[in-house]
Amino acid sequence: MKQFLLYSYIAMLFYSTYLFVTKKMDFSFILEDPSFGTAIYYTVFITIIIITLNILLGVITGWHLAKQEGLWLDVFVLLPLVIPVIAVMGGLQLGLLWMDIPDHILGVLLIHLLVTLPFSIQIFRSRFVELEEEIPSIVRLFKGSNITLWVFIYFPLLSGSLFAVILLTTVISLSQYAITAYIGGGLIPTITTLLFPYLQSSNFYIVHTAVFLLITIIGAFAVLVKAIILILKKVVTSLL
Amino acid sequence: MTVLGKSGSGKSTLLQIIAEMETVDSGELQKDPNTTVAYITQKPYLFNHMTVLQNIAFPLKCQGLKKQERYQVARSWVEKVELHGLENRYPYELSGGQQQRVSIARAFVYQPNVLLMDEPFANLDVKLSRQLQHLIFNEMKLRNVSGVFVTHNYEETKMYADQTVLLQDGRLSKMSEEDVELYFNEGIQQNGEIHSVAKCSLTNAMRKTSIPIVVEKEVHLYGVDFYVIQLPNGQKQFIKKVDELDLNDPLYLDVKGN
Amino acid sequence: MSYAHKLGRGIVFSIGAISLFAVVLLLIDMIRLMELIKPMPSGQSYIEPLSRLIWSALLAVVATVFSIISGIWIVRGFYLQRSFKRTIDRLSIAFYFPHLIVALYVLAVANFLYQLIDFYHPLFGFLEILLAYWVKEVPFVVFYLTVTYTSLDLQSRRLIQGFGGSKWQQFYHVEWVAIQGQVAEIFLILFAFILTAYEIPALIGSSVYPLLGPTIIEYYYSIDLSERFIMDVILLAVTSMFVLLTISLFAWTSRLRHLNGKGSRTI
């Protein structure tokens, strides 16, 4: 699969280069957009905050859920996934309006968190369930600290899930057009809110360019994150 | 100290409480804070992302030893448990017996005062089990390590225990030799009393305290001759062979023979 | 450790509560609008949005059922053939594609096909949407069921086979018993998502009958307050139904859990 993806991306890269060279592909429609810079800024800002929150909150919650069960607990875990996002969006916008902070970054952050966190929780929870529940007790037996536990034991064992969560969170966050546009009210542009109208266009070259940009961003990000995680793992293992 | 008890009596929980791996619901655990405890159980609980050497050295890392020191100690233990050549393997590449050796090395590497063992040999074949037993108990003697040993095995109890206790209904009670005997063997019932086999003997003479038996066959256990006898209720027992016996005459088991 | 547990618990209840609270706000808005809008929108004006809701629901059910069945089929295929982990890893790549991209790929492939066969029917639009959702959601189903399948005991199937049970009985008594709770969960999640999603219908469905997601956005952006009111009503009805279904699902599986003995529902 990975090879298939790589080959199809390379094919797309060649095609895009061809288009670029023949001047059929033009990035000007994006670059000339006045909110381009702001969009990049907000996208990066939102993505970083959402990733950080997903990791921190996801790990704690996933760890807790791997050990505990309860009727209402399970119900509440599922609720954000089952209540349509659009309904939450509508209510949230009203709430923000009444709190006098409409079209604010906080609203966008909150709704992105609501859309991504349930998945992170599920991913971490299933990973913690696979791991032995005695791990903390064993480390405590050896008189190891909590830092030792998390850095040298849990981090290497969770690195796969960590990558999955970071990538999935980013992809979901970057896919949100409707809710970002509505809650942000146009004052919070992101790459997606900028690109989406072009995706709907009937001009093939514009659509292609927009898709190409999106895929490249996500792909480059995935490679970067994987590299960072691998390097960190190597560092930790060498200290073992 | 060997702890005996029925399945579900709480033996594993007892060890986990001593190791402070489980919390106590009521009461308290009185322990010298300087005591270091090690814990071995059926499942080796090795870390899959670490090599054999890293697994063994890990407790020393938790205690702050420098890398060179702890690997020196770890390597000496790899030799002791006869895993030389496998230092850089990962736990999933090892057999069950090899994994258990790693967990034993890891238990001893940080010089515990107390070693808790929860049926660590239950999943291993007899020969390997014996090898590892010798390894552990020799090291314990060498290093003056106390142990609490949970087992269901008659041999292990007899061979290694200085003291044997029974955990029943949540209470620990000391066991005498005869108690241990009766725990592992059914005992002979006569007139509503239970007698341990140790107190019985084979005779041709019928006495008030005799039970008629039949000798099924002769077997050799640990270099000693035994008979397999069958009692009227269908129970079968080993009993030491007695040369003065005439197998053609009626045979009895005298429960007060000793 | 109990501090961390409390935090974990708190997070779970918070996100659920925020979602619920947002919906309650919708209810308040609806009540507020009832006083503002005079006259109230007639039954006539509900017909159009309701028919879109029904169409979307139909589409969502078909897409969901299709994805679930395919997902189960794939998971079983890999599980029974034991080349499990690697293929799941490969498939999970599709999990990370934004649904926008998937939609556009489907659109591109579809348009190419139409040119090739020189034929197009408006119904094809629905098929495109179905396909886009199917491609996107099957990996999700596979991921969800993988955990359960890896912990299943293959021996039980052989046992039933030994008793003379058919392949269906083997599936039903060993696998279905373990996954039925999760299948119901996935059904709810996917159904809710597909029913109200915006991006895929907006990209593909423009030539087709408008679906619920784009309709909601369209009505919300409208100046006419009565349209907003209608949307509130519909959304509240849909959400209430989902919440009730979720609660009954868990009441049902917790009863099952007692019958099956101890163990997490997801394992």
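None of these values were measured; they are calculated from a predicted model.

Caption draft 1: The arrangement of helix α5 (residues 85-98) of chain A in detail. Residue and element names in this part refer to chain A. Over its 14 residues, α5 runs 20 Å from end to end, which matches the ideal 20 Å to within 8%, given 1.5 Å per residue. Taking burial as the measure, the 14 residues of α5 include 11 buried ones, the bulk of the element. Those residues of α5 that fall on the buried side of the exposure criterion are Ile86, Ala87, Val88, Met89, Gly90, Gly91, Leu92, Gln93, Leu94, Gly95 and Leu96. The positive-phi residue at the C-terminal boundary of α5 is Asp100, with phi of around 70°.

Caption draft 2: Representation of the pattern of salt bridges. Applying the stated criterion across every chain, the model contains 14 salt bridges over all chains. One salt bridge connects Lys158(B) with Glu181(B), and the closest N-O pair in it is separated by 3.1 Å. With Lys158(B) in helix α6 (residues 154-160) and Glu181(B) in helix α7 (residues 177-184), this pair connects stretches of sequence that are 23 residues apart. Exposure remark for Lys158(B): the relative accessible area of 36% places this residue in the partly exposed category. Of the residues examined, Glu181(B) reaches a relative accessible area of 12% and is grouped as buried. Taking the shortest distance from any N to any O, the salt bridge between Asp29(C) and Arg228(C) comes out at 3.3 Å. Of this pair, Asp29(C) sits in helix α1 (residues 2-36) while Arg228(C) sits in helix α10 (residues 225-260); the two residues are 199 residues apart in sequence, bridging distant segments of the chain. Look at Asp29(C) and you get buried, because its relative accessible area is 1%. Given a relative accessible area of 15%, Arg228(C) falls into the buried group.

Caption draft 3: Summary view of the confidence of the model for chain C. All names here are of chain C. Of all residues in chain C, 87% have pLDDT values of 70 or greater, and the mean over the chain is 80. Element-level pLDDT for chain C is lowest in helix α3 (residues 84-91), with a mean of 60, against a maximum mean of 87 in α1. Low confidence marks residues 261-267, where pLDDT is under 50. Its contacts with residues over four positions away, or in another chain, come to 17 contacts. Confidence estimates for the predicted assembly give a pTM of 0.86 and an ipTM of 0.83.

Caption draft 4: Region of the structure containing the sheet that holds strand β6 (residues 171-174) of chain B. All names here are of chain B. The sheet built from six strands is open, its strands ordered β2-β3-β4-β1-β5-β6 with mixed pairing. Strands with a single pairing partner mark the edges of an open sheet, and in this sheet they are β2 (37-41) and β6. Pairwise comparison of adjacent strand axes, ignoring direction, gives a mean angle of 20° for this sheet. Across five bridges, β2 lies against strand β3 (residues 114-118) in parallel orientation. Within β3, the position partnered with Ile40 by the bridge is Met117. Most of the contacts of helix α4 (residues 96-109) go to β2, to which it runs at about 170°, and overall it touches β2 and β3.

Caption draft 5: Representation of the interface of chain B and chain A. If you look at the interface, chain B gives 25 residues, while chain A gives 20 residues. Carbon and sulfur atoms supply 65% of the area buried between chain B and chain A, which totals about 2,000 Å² over both sides. Counting the surface chain B buries against chain A, the share from its top three residues, Met21(B), Tyr45(B) and His49(B), is 29%. At the junction of chain B with chain A, the criterion picks out one salt bridge. Note that Glu132(A) and Lys43(B) form a salt bridge whose closest N and O atoms lie 2.9 Å from each other. Along the contact surface separating chain B from chain A lie nine residue pairs in polar contact (both at pLDDT 80 or more).

Caption draft 6: Main features of the interface of chain C and chain A. Each side of the interface is counted separately: chain C has 70 residues, and chain A has 67 residues. Between chain C and chain A, the buried area comes to about 6,200 Å², and carbon and sulfur atoms account for 79% of it. Where chain C meets chain A, there are zero salt bridges. Where chain C touches chain A, the interface holds four residue pairs in polar contact (both at pLDDT 80 or more). Taken together, the elements giving at least two residues each to the side of chain C that touches chain A come down to α1, α3, α4 (99-117), α5 (123-150), α7 (167-196), α8 (199-204), α9 (212-221) and α10 of chain C. A class-by-class count of the residues in the side of chain C that touches chain A yields 48 nonpolar, 13 polar and nine charged.

Caption draft 7: Structural detail: the nonpolar core. Judged by nonpolar contacts, the single largest core of 210 residues is most densely connected at Phe58(B) and Leu115(B). At 15 residues, the largest contribution of residues to this core is made by helix α8 (residues 146-175) of chain A. Leave out the neighbours within four places in its chain, and Leu115(B) touches Ala38(B), Tyr39(B), Ile40(B), Ala107(B), Phe108(B), Ile136(B), Met140(B), Val145(B), Ser146(B), Gly147(B) and Val148(B). Core analysis: the next-biggest nonpolar cluster, separate from the first, contains 14 residues, Ile211(B), Ile229(B), Ile239(B) and Leu251(B) among them.

So, how was this worked out
- Residues numbered from 1 in each chain as written.
- Chains lettered and ligands numbered in written order.
- Predicted model: local features only at pLDDT ≥ 70, side-chain atom pairs only at ≥ 80, totals over all residues.
- Heavy atoms only, no water.
- Helix = DSSP H or I, 4+ residues; strand = E, 2+ residues; numbered from the N terminus.
- Expected span 1.5 Å × (residues − 1).
- Buried < 20%, exposed > 50% of the residue type's maximum accessible area, 1.4 Å probe, protein only.
- Salt bridge = Lys/Arg side-chain N within 4 Å of Asp/Glu carboxyl O.
- pLDDT = per-residue confidence, 0-100.
- Contact = heavy atoms within 4.5 Å.
- Pairing = 2+ DSSP bridges.
- Axes fitted to C-alpha atoms, helices over the stretch in contact; angles between N-to-C directions.
- Buried area = accessible area lost by both parts, 1.4 Å probe.
- Polar contact = N/O pair within 3.5 Å; in protein donor to acceptor, adjacent residues only side chain to side chain.
- Nonpolar A, V, L, I, M, F, W, Y, C, P; charged D, E, K, R; others polar.
- Core = buried A, V, L, I, M, F, W, Y, C linked by side-chain atoms within 4.5 Å.

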